[in-house]
Amino acid sequence: MIRWSDADISTSAISFLWSEAVVAEVFVFMLTGPALLDRFGVRGAAILAAAAGIVRWSVAGVTTSVLLLSLIQPLHGLTFALLHLACMRMMGTLVAPSVAASAQALYAFGSGSLTAVLTLLSGALYASYAGAAFFLMAALCIIALPLAWFGFANGRD
């Protein structure tokens, strides 16, 4: 939002870009995510989410073109919603029903805590490096690729 405002992108265009990401998220949660999980399994879905993140954050780091941003905003559906669905499916497979609520609470705490820390770091990085700070997000997605490969089950469950 700050980068887009600094680039003199209008508030209506920024609203459109945010809305586009939210619509993509809902679309993946409701329609395409379960089908992608069935087709590629949790490992494949996690790898797809990481790959989408690499593209999304790399492009966001080099441009403030509304056209290009509008093309990458739908990737939010994969980077967030598909990964979340993969994690929930994997948890449903690996965690006993008797501790499922605790497992989900730990997952939410862990991902929420990491998001908070990264958000704080992002502010300092953006202040120093502007759009180039998005390359750190792409780098985190590159690091996530082997984690997805080795950390997620290979099955379609």
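Bear in mind the structure is a predicted one, so any value in this text is a computation, not a measurement.

We now examine the environment of Ala138. Note that Ala138 resides in helix H6 (residues 134-151). If we skip the residues at most four places from it in the chain, Ala138 touches Ile54, Trp57 and Ser58.

Now for the packing of aromatic side chains. With the rule as written, the count across this model stands at two aromatic pairs. Seen in terms of ring centroids, Phe29 and Phe80 are 6.1 Å apart; in terms of plane orientation they differ by 85°. Their pairing is edge-to-face. Taken together, the residues span a long stretch of sequence, with Phe29 in helix H2 (residues 11-62) and Phe80 in helix H4 (residues 76-94) at a distance of 51 residues. In this structure Phe80 comes out as partly exposed when scored by relative accessible area, which is 39%. Ring centres of Trp57 and Phe134 lie 5.6 Å apart, and the angle between their planes is 10°; this geometry places the pair in the stacked category. Of the two residues, Trp57 sits in helix H2 while Phe134 sits in helix H6, which places them 77 residues apart along the sequence. The partly exposed category is assigned to Phe134, whose relative accessible area is 21%. Stacked on the ring of Trp149, the Lys or Arg Arg43 has its end atom at 4.4 Å from the ring centre.

This part covers the pattern of salt bridges. Oppositely charged side chains may form a pair once their charged atoms are brought near each other. Under the definition given, this model contains one salt bridge. Between Asp38 and Arg89 there is a salt bridge whose closest N-O contact spans 2.8 Å. Highlighted residues: Asp38 in helix H2 and Arg89 in helix H4, separated in sequence by 51 residues. Given the relative accessible area of 48%, Asp38 is considered partly exposed.

Bringing H2 into the picture now. One turn of the α-helix equals 3.6 residues, which is why residues spaced by three or four share an orientation. Taking 1.5 Å per residue, 52 residues should reach 76 Å; H2 reaches only 21 Å between its end C-alpha atoms and comes up short. Its axis deflected by about 110° at Gly41, H2 carries its strongest bend there.

About the criteria used
Residues numbered from 1 in each chain as written. Predicted model: local features only at pLDDT ≥ 70, side-chain atom pairs only at ≥ 80, totals over all residues. Heavy atoms only, no water. Helix = DSSP H or I, 4+ residues; strand = E, 2+ residues; numbered from the N terminus. Contact = heavy atoms within 4.5 Å. Phe/Tyr/Trp six-rings, centres within 6.5 Å; stacked < 30°, edge-to-face > 60°. Buried < 20%, exposed > 50% of the residue type's maximum accessible area, 1.4 Å probe, protein only. Lys NZ or Arg CZ within 6 Å of the ring centre and 35° of its normal. Salt bridge = Lys/Arg side-chain N within 4 Å of Asp/Glu carboxyl O. Expected span 1.5 Å × (residues − 1). Bend = angle between axes of the 7 residues up to and from the residue.

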